[in-house]
Structure formats: C-alpha cells, structure tokens
Amino acid sequence: SSDIPEAASSFPPSPEEVPEGPLAAMPMKAVQHAVAARDSVVAGVFSFLHSGRSGYVLICGLLLVALAGVMMVATFDSREARAAPPGWEQFVAASGSNQWVSATFLLSAGAIVLSINFLPRLEGEG
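Below is a short write-up of the structure.

Cut-offs used in this document
- Chains are numbered independently. Their residues run from 1 in the order of the written sequence.
- Since the coordinates come from a predicted model, pLDDT governs what is reported: local features require at least 70, and pairs of side-chain atoms require 80 or more to be given and counted, while whole-chain, interface and lining totals use all residues.
- Side-chain metrics in this entry use all non-hydrogen atoms of the structure; hydrogen atoms and water are not considered.
- Numbered from the N terminus, helices here are DSSP runs of H or I no shorter than four residues, and strands are runs of E no shorter than two.
- Classification of residues uses two cut-offs on accessible area relative to the type maximum, computed with a 1.4 Å probe and protein chains only: under 20% is buried, over 50% is exposed, and between them is partly exposed.
- The contact rule is simple, with two residues in contact once any of their heavy atoms fall within 4.5 Å.
- What a helix should span is 1.5 Å times the count of its residues minus one.
- Working note: the arc is built from the helix axis to C-beta atom directions.
- Only centres within 6.5 Å qualify two rings of Phe, Tyr or Trp (six-membered ring in Trp) as a pair; their planes then separate them into stacked at under 30 degrees, edge-to-face at over 60, and tilted for everything else.
- Patch building starts from residues that exceed 30% relative accessible area and form no salt bridge, then joins like charges within 9 Å and nonpolar side chains (Val, Leu, Ile, Met, Phe, Trp, Tyr) within 5 Å.
- All accessible areas in this document rest on Shrake-Rupley with a 1.4 Å probe, and a residue is counted as covered only by the protein chains that are shown.
- A carboxyl oxygen of Asp or Glu within 4 Å of a side-chain nitrogen of Lys or Arg is what we treat as a salt bridge.

Check the secondary structure of the chain and you find five helices and zero strands. Element order for the chain, N to C, with α for helix and β for strand: α-α-α-α-α. Going through the 126 residues of the chain one by one, you find that 13% of them count as buried. Within the chain, contacts between residues separated by at least 24 positions form 64% of all contacts whose residues are at least 6 apart in sequence.

Its 21 residues place the ends of helix H2 (residues 55-75) 30 Å apart at the C-alpha level, agreeing with the 30 Å of an ideal helix rising 1.5 Å per residue. For H2, the complete set of buried residues consists of Val 57, Gly 61, Leu 64, Ala 68 and Thr 75. Buried residues of H2, viewed axially, fall in a sector of 55°; they line one side. For H2, the exposed residues lying more than 90 degrees away from the buried face are Tyr 56, Ile 59, Leu 63, Val 70 and Val 73.

Turning next to the packing of aromatic side chains. In this structure the tally under the stated criterion is three aromatic pairs. Each ring, one from Trp 88 and one from Phe 91, has its centre 5.5 Å from the other, and the planes form 35°; the classification is tilted. Separated by three residues within a single helix, Trp 88 and Phe 91 lie in helix H4 (residues 88-95), roughly one turn from each other. In this structure Trp 88 comes out as exposed when scored by relative accessible area, which is 62%.

Residues Phe 76, Trp 88, Phe 91 and Val 92 make up a contiguous nonpolar surface patch of about 400 Å² in total accessible area. Its relative accessible area of 32% is what places Phe 76 among the partly exposed residues.

Our focus in this paragraph is the environment of Val 73. With respect to the secondary-structure elements, Val 73 resides in helix H2. Separated by 26 residues in the primary sequence, Val 73 and Gln 99 have C-alpha atoms spaced 9.2 Å apart.

Right under this line is the structure:
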C-alpha cells in the first residue's frame, strides 16, 4: 500500500532496467558533470583554506562590498534622489549626495581589502 511505484523503489537501477541509446547516457553524464563541479568547488575551498590566506580578511572584504551595496540602495532613497525626476536626473542627484560618497568609499575599501588578501598569492604562485 505504498505510494511509490515499484520501478522507482529500486535505486540505483539494475543494468537490465537502464535504457540504451545516445539519449539514455545524457542523464548519467549530467550527474557526472555535477559531481565533478562539486568536487572542483570543494577542492578549491580546501585549497584556499590551506594556502595560508586569511579567511577573516576575505569575509571582511565581502562585508565591505555588501555594505557598499546597502549604502547604494540608501543613496537612491535619499531626499535628493527622491526629489529629482526619474532617469538621468535622479542618478545625477543621487551621485551628488553624501550617501554616494560613503558607498564609493566602502566599495573601494572592500576592493582594497580583497586585493590585499589575493594579490600576494597570485604573484607568488605563478
């Protein structure tokens, strides 16, 4: 009285149940590519962790870039930007606000922190 069909209850399928032909191999190749991509990502993460680079510096740089994004949203919600008509005038008004200056400083600080973390590794491992 199970809701699962009998054919679906046996996984992985036996060789007799696997259809043959060029289209039958496509799902298996897709699974193999997905497994290879996952293994590549995991190997990259472990390589980063074991290379001596600082994980907390990476997190700090990413947080600075994320804060720059939040500040950019605040820039277009400022009084100056809301008072201007939509389009180019709104962009010009937003880019003249104090929030724009803060967003660009945060973005450049995040880029500098991330480059400090990664550039020595790229130069030394060439």
